[in-house]
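If you want the building blocks of each chain, they are given just below.
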Amino acid sequence: QVQLVESGGGLVQAGGSLRLSCAASSRTFSSYSMGWFRQAPGKEREFVAVIGWKGGSTYYADSMKGRFTISRDNAKNTVYLQMNSLKPEDTAVYYCAATRNWGTLTRGYEYDYWGQGTQVTVSS
C-alpha cells in the first residue's frame, strides 16, 4: 500500500506560481512512476504530467508544457509540480498518483494509488 498526501494548493492570481508537493508513505517510492492529474468542476479528470522512477524521464500534457515542471526527490519520498504562469483555466483539484508501470502513463486507470487532492484556484 502507498499513501499519498498532496499539499501546496491555494488561491493565486493569474500569472502567478504555485508548487504542489505529494508525500508518499512507501519505502519503495523510487520504484514508482508518479503522475499528476487534475479535475475541474463539471469536467473529467485530466492528465497533467508524469515522471519516471529515477526522475530522468518526464512527460506533459500539451497545455502544460513550458509552464509546469514535475520533479521528484526520492530521498524525501516526494514528488513536486511547479506551476508557473497560471491561468484561470488551471483551476482544479490536483491529484498525485503512483504506479509501478512505466511509460507515458496518461490514463488514470494505469495508476494504482491516489492522493486526496489539493485545490488550486487561479483568479483573473
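All values reported here derive from a predicted model rather than from experimental measurement.

A. Up close: the sheet that holds strand E1 (residues 4–7). As summarised here, the arrangement of the 4 strands in space is E1-E3-E8-E7, forming an open sheet in which the pairing is antiparallel. If you trace the sheet from one side to the other, it starts and ends with E1 and strand E7 (68–73), each paired once. Each adjacent strand pair in this sheet contributes to an overall mean axis angle of 15°, direction not counted. Strand direction decides the pairing type here: strand E3 (residues 18–24) and strand E8 (residues 78–83), joined by 6 bridges, are antiparallel.

B. Just the packing of aromatic side chains, in detail. For the structure on display, the rule yields 6 aromatic pairs. Taken together, a centroid distance of 5.2 Å and an interplanar angle of 85° make the contact between Phe37 and Tyr111 edge-to-face. Within this pair, whereas Phe37 is found in strand E4 (residues 33–39), its partner Tyr111 is found in the loop between strand E9 (92–99) and strand E10 (113–114), the two being separated by 74 residues in sequence. Assigned by exposure class, Phe37 and Tyr111 land together as buried. Clustering of aromatic rings is evident, with ring pairs tying together Phe37, Phe47, Tyr59, Tyr111 and Trp114. In this structure, Arg45 packs its charged tip against the face of Phe37, placed 5.8 Å from the ring centre. The ring of Phe29 carries Arg72 above its face, with NZ or CZ at 4.5 Å from the centroid.

Quick notes on the rules
- Residues numbered from 1 in each chain as written.
- Predicted model: local features only at pLDDT ≥ 70, side-chain atom pairs only at ≥ 80, totals over all residues.
- Heavy atoms only, no water.
- Pairing = 2+ DSSP bridges.
- Helix = DSSP H or I, 4+ residues; strand = E, 2+ residues; numbered from the N terminus.
- Axes fitted to C-alpha atoms, helices over the stretch in contact; angles between N-to-C directions.
- Phe/Tyr/Trp six-rings, centres within 6.5 Å; stacked < 30°, edge-to-face > 60°.
- Buried < 20%, exposed > 50% of the residue type's maximum accessible area, 1.4 Å probe, protein only.
- Lys NZ or Arg CZ within 6 Å of the ring centre and 35° of its normal.

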